[in-house]
Amino acid sequence: MKQVVTGSVFEDQSACPFGPELQKYWDKRHEYFNRFDDGIQIDKEGLYSVTPEKIAQDIALRFRGAFVLDGFAGTGSNAIAFAQHAKRVVSVELDAERLQIAKHNAVVYGVSKRIDFIHGDIMNVMSSIDADAAFLDPPWGGPSYAQQDSFLLEHFNPHGNELLQASFNAIPAVALKVPRNFRTEELLGLDRRFSISKEEMDNKHVFSTVHFHPPQI
Ligand code: MGP
């Protein structure tokens, strides 16, 4: 069983419940979820992987009115933002416990009826969803990602190449969340036009989103 923490305004929650090594992430919990103290649930991997709410909103605005497939629900931050701006959201999560967390957090934000959650592997689910766009936030292997000189497609789980090829075959527009040290040169061999959006908070580069554009017909 995962350790799951629930945000509360009634207790002193200043010390990171997942240990001091994750304190820097815990200190940003209200930037991750503005409504953290209204009962948001989070687990350890969710804490260091979550997309901060303001950035999730910026990303979601780019998909306004679209049918979005959220490939890695995590604790639900992106799905919640898509639910506020997209036409339809399907959000997929492999880990059953984390899927429950995402569903719970969507209830806290009052958007649970606007998200179809699926327990499954995006690699299998993708081809059966007729979405306009996919947002992919696969695991990077945790906070140690930053110690590598450059982060490569092979460091994502699943392998970034396989994930992208499967997505390109199924969904017109694909967005991939990548770390600051991601080696973008690798993308030049993929035969897809793309643009890169540097996602910032308080003028600090947090991560980037690579937007692969639909193929030109
Ligand atoms: P960070 O670079 O690990 O830390 O995470 P931060 O807060 O920038 O601290 P600093 O000391 O480097 O300044 C930045 C953001 O990247 C997080 O808020 C997450 O959105 C994302 N992120 C970080 N990690 C470790 C992961 C990961 O393992 N998987 C995924 N999918 N996203 C991650």
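That block above? That's the structure.
These numbers come from a predicted model, not from an experiment.

(A) View of the pattern of salt bridges. This model, assessed by the stated rule, comprises six salt bridges. When the shortest N-O distance is used, the salt bridge between Arg98 and Asp43 registers 2.7 Å. Linking Arg98 in helix H6 (residues 96-108) with Asp43 in strand E2 (residues 41-43), this pair joins segments that are 55 residues apart in sequence. What makes Asp43 buried here is its relative accessible area of 1%. With a shortest N-O distance of 3.2 Å, Asp58 and Lys54 are connected by a salt bridge. Of the two residues, Asp58 and Lys54 are both situated in helix H4 (residues 53-61); the distance of four residues between them amounts to about one turn of the helix. The network of salt bridges with shared partners includes Asp43, Glu45 and Arg98.

(B) Geometry of the pairing of strand E3 (residues 67-70). Burial of the side chains of E3 extends over both faces: Phe67 and Leu69 are buried on one face and Val68 and Asp70 on the other. What joins E3 to strand E4 (residues 88-93) is helix H5 (residues 77-85), and the crossover it makes is right-handed. By the bridge criterion, three bridges tie E3 to strand E6 (residues 133-136) in an arrangement that is parallel. The residue bridging Asp70 from the neighbouring strand is Phe135, located in E6.

(C) Highlighting the site of the ligand. In the vicinity of the ligand there are 19 residues, among which Tyr25, Lys28, Val50, Asp137 and Tyr145 approach most closely. Between an oxygen atom of the ligand and a side-chain N or O atom of Tyr25, the distance comes to 2.5 Å. Separating an oxygen atom of the ligand from a side-chain N or O atom of Tyr145 is a distance of 2.4 Å. Here the ligand has 640 Å² of accessible area as a free molecule, and 89% of this is covered by the chains. Placement of the ligand is best described as lying within the largest pocket. Secondary structure elements with two or more residues in the shell around the ligand: helix H1 (23-26), helix H3 (44-49) and strand E9 (204-212). Of the residues belonging to the shell around the ligand, the class tally is ten nonpolar, three polar and six charged.

(D) Inspection of empty space enclosed by the protein at higher detail. In this structure the tally under the stated criterion is one cavity of 30 Å³ or more. Considering only enclosed or pocket space, the largest cavity measures out at about 60 Å³ in volume. Elements supplying a minimum of two residues to the lining of the largest cavity: H4 and H5. Among the elements that line the lining of the largest cavity, the one with the most residues is H5, at four residues. Residues that form the lining of the largest cavity fall into these classes: six nonpolar, three polar and one charged.

(E) Summary view of the environment of Thr209. As for its position among the elements, Thr209 is in strand E9. Residues Thr209 and Lys177, 32 residues apart in the sequence, show an inter-C-alpha distance of 4.5 Å. Ignoring anything within four residues of it in the chain, the contact list for Thr209 reads Ile59, Phe135, Ala175, Leu176, Ser195, Ile196, Ser197 and Glu199. For Thr209, the side chain forms a polar contact with the side chain of Glu199, separated by 2.7 Å.

(F) Structural detail: the nonpolar core. Ranked by size, the top nonpolar core spans 71 residues in total, and within it Phe33, Leu47, Leu69, Phe82, Leu164, Leu176 and Phe212 carry the most contacts. Among residues more than four places away in sequence, those in contact with Phe212 are Leu164, Phe168, Ala173, Val174, Leu176, Leu187, Leu190, Arg192, Arg193 and Phe194.

(G) A look at the pairing of strand E8 (residues 194-201). The sheet contact formed by E8 and E9 spans eight bridges and is antiparallel. The partner of Phe194 across the bridge, within E9, is Phe212.

(H) Focus on the sheet that holds E4. Across the sheet, seven strands lie side by side as E5-E4-E3-E6-E7-E9-E8; this open sheet has mixed pairing. Every other strand in the sheet has two partners, leaving strand E5 (115-119) and E8 as the edge strands with one partner each. Looking at each pair of strands side by side, their axes are set apart by 20° on average, direction ignored. Alignment of E3 against E4, held across four bridges, turns out to be parallel. Across the sheet, the residue bridging to Asp70 is Ser91, located in E4. The strands touched by H6 are E4 and E5; relative to E5, the strand with the most contacts, the crossing angle is about 170°. Across the face of the sheet, helix H8 (residues 160-170) comes into contact with E6, strand E7 (173-178) and E9 while running at roughly 160° to E7.

Definitions and cut-offs
- Residues numbered from 1 in each chain as written.
- Predicted model: local features only at pLDDT ≥ 70, side-chain atom pairs only at ≥ 80, totals over all residues.
- Heavy atoms only, no water.
- Salt bridge = Lys/Arg side-chain N within 4 Å of Asp/Glu carboxyl O.
- Helix = DSSP H or I, 4+ residues; strand = E, 2+ residues; numbered from the N terminus.
- Buried < 20%, exposed > 50% of the residue type's maximum accessible area, 1.4 Å probe, protein only.
- Right-handed = clockwise from strand over helix to strand, strands pointing away.
- Pairing = 2+ DSSP bridges.
- Near = heavy atom within 4 Å.
- Polar contact = N/O pair within 3.5 Å; in protein donor to acceptor, adjacent residues only side chain to side chain.
- Areas by Shrake-Rupley, 256 points an atom, 1.4 Å probe, with all protein chains shown as cover.
- 1 Å grid on protein atoms, 1.4 Å probe; cavity = no way out; pocket = protein on both sides within 12 Å on 5 of 7 lines; lining within 4 Å.
- Sits in = over half its atoms within 2 Å of the grid points.
- Nonpolar A, V, L, I, M, F, W, Y, C, P; charged D, E, K, R; others polar.
- Points joined across faces, edges and corners; volume = space filled by probe spheres on them.
- Contact = heavy atoms within 4.5 Å.
- Core = buried A, V, L, I, M, F, W, Y, C linked by side-chain atoms within 4.5 Å.
- Axes fitted to C-alpha atoms, helices over the stretch in contact; angles between N-to-C directions.

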